[in-house]
Amino acid sequence: MAVTRLKRKDRYNKTVSRLEVQRLKLATNIELGSRSTQSSKDQLAKNNAILAQLSA
């Protein structure tokens, strides 16, 4: 039996849902006092510190 290709709409939806899941994994909220506190060596923390210095 031949393998059928996904229609364009279904291929688009598959890609979009995969990217959405990836984005949600990356955008997890870091709560104060939680065990997943943001590391001070993290690039986001470094960027925020530089931005705070520039704005002050």
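Anything mentioned here points back to the structure above.
Our subject in this report is the structure included herewith. (Residues numbered from 1 in each chain as written. Predicted model: local features only at pLDDT ≥ 70, side-chain atom pairs only at ≥ 80, totals over all residues. Heavy atoms only, no water.)

This paragraph deals with the overall build of the protein. Each helix and strand in the protein was counted, giving two helices and zero strands. Looking at the 56 residues of the protein, the share that counts as buried comes to 0%. When the accessible surface of the protein is totalled, it reaches about 6000 Å², and 56% of it is carbon and sulfur. (Helix = DSSP H or I, 4+ residues; strand = E, 2+ residues; numbered from the N terminus. Buried < 20%, exposed > 50% of the residue type's maximum accessible area, 1.4 Å probe, protein only. Areas by Shrake-Rupley, 256 points an atom, 1.4 Å probe, with all protein chains shown as cover.)

On to a nonpolar patch on the surface, then. A cluster of nonpolar side chains, namely Ile50, Leu51 and Leu54, defines an oily patch on the protein surface of about 330 Å² accessible area. Relative accessible area serves as the criterion here: at 52%, leucine 51 is assigned to the exposed category. (Patch = residues over 30% accessible without salt bridge, like charges linked within 9 Å, V, L, I, M, F, W, Y side chains within 5 Å. Salt bridge = Lys/Arg side-chain N within 4 Å of Asp/Glu carboxyl O.)

Mapped onto the elements of the fold, serine 55 is located in helix α2 (residues 43–55). Only 3.1 Å separates the side chain of serine 55 from the backbone oxygen of alanine 52, close enough to count as a polar contact. (Polar contact = N/O pair within 3.5 Å; in protein donor to acceptor, adjacent residues only side chain to side chain.)

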